[in-house]
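Coordinate inspection notes
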Amino acid sequence: GMERCLSSPRLRNMRTTSRPKESGKKADETNWTAVFFRLTSVPRTEKEIRRRIAERGCPPQTSEQLIAQGQACGLIDDDFYARAFVQAKQDWGRRRLFDELASRGVRRETVANAMEQEGVDDRARACALAVNWLGRNLSPEKVFGRLIRRGFSGTDAKGAICAALREKNEEE
C-alpha cells in the first residue's frame, strides 16, 4: 500500500522542500521526487501532472516512473478526481462537467462513471438553480442563458424554468 510505496528507495528523499534551481542545476541533479510530491500535493489529473513535470524539464523516463508510482500509491487517481470534481460542481450540467474534465485529460468513461456514482440529475440541478434565480427576480430569459452556460440542455433548462415558475406562482 501507501507505506510500501513511500518507503521505496526512489521516494525516500521526498522531504526536500526547496524548489530546484532550474538555472544552475543539471536535469540529473534535480530531485524529481520532491518536484513530483509538490505537484501531487494538490489534486490534479494525470495529464496535468505530466504537463507540469515536463515543463520543469523532467526526463521522460523519470516522469513515467514517477507517474506509475504515483498511480500505484493513489497520489494520481483520475477516477477519484472526477468524482470529487462532479461533487464540487453541483451547479454545473453534464455537458459542462464532461467538457471541463476532458480538457483536464480525464477519459469520457471515467467522467460518466463519476456522474453515475454521484447520481448527477441535470433536471434536479437545473430546477434548484432556476428556483433560486427566479426567486431573486431574474427574468426567465436570463435564467435560461445561465443554465445553458452551466452545461444544461435546452430541454432541461426550459423544464426547470417552467417547474420553478409553477412553484413560484403556487406560493403567491
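Structure report, in brief. (Residues numbered from 1 in each chain as written. Predicted model: local features only at pLDDT ≥ 70, side-chain atom pairs only at ≥ 80, totals over all residues. Heavy atoms only, no water.)

Brief notes about the overall build of the protein
Helix and strand counts for the protein come out as 10 helices and zero strands. The helix and strand sequence of the protein, counted from the amino end, reads α-α-α-α-α-α-α-α-α-α. Within the span of the protein, comprising 172 residues, buried residues form 37% of the whole. Carbon and sulfur atoms provide 49% of the accessible area of the protein, an area that totals close to 10300 Å². (Helix = DSSP H or I, 4+ residues; strand = E, 2+ residues; numbered from the N terminus. Buried < 20%, exposed > 50% of the residue type's maximum accessible area, 1.4 Å probe, protein only. Areas by Shrake-Rupley, 256 points an atom, 1.4 Å probe, with all protein chains shown as cover.)

Considerations on helix α9 (residues 140-149)
Of all the residues in α9, the buried ones are Val143, Gly145 and Leu147. Where the residues of α9 are buried, they touch α8 (122-135) and α10 (154-171). (Contact = heavy atoms within 4.5 Å.)

What about the packing of helix α3 (residues 46-55) against helix α4 (residues 60-73)?
Contact geometry of α3 with α4 gives a least axis separation of 11 Å together with a crossing angle of 150 degrees. The angle between the axes of α3 and α4 places the two elements in the roughly antiparallel class. Note on packing geometry: the crossing formed by α3 with α4 is right-handed. Along its contact with α3, which presents Glu46, Ile49, Arg50 and Ile53, the element α4 presents Ser63, Glu64, Leu66, Ile67 and Gln71. Class assignment of the residues belonging to the contact of α3 with α4 gives a composition of four nonpolar, two polar and three charged. (Axes fitted to C-alpha atoms, helices over the stretch in contact; angles between N-to-C directions. Parallel < 35°, antiparallel > 145°, perpendicular 65-115°, else oblique. Left-handed = near helix turned anticlockwise from the far one by under 90°. Nonpolar A, V, L, I, M, F, W, Y, C, P; charged D, E, K, R; others polar.)

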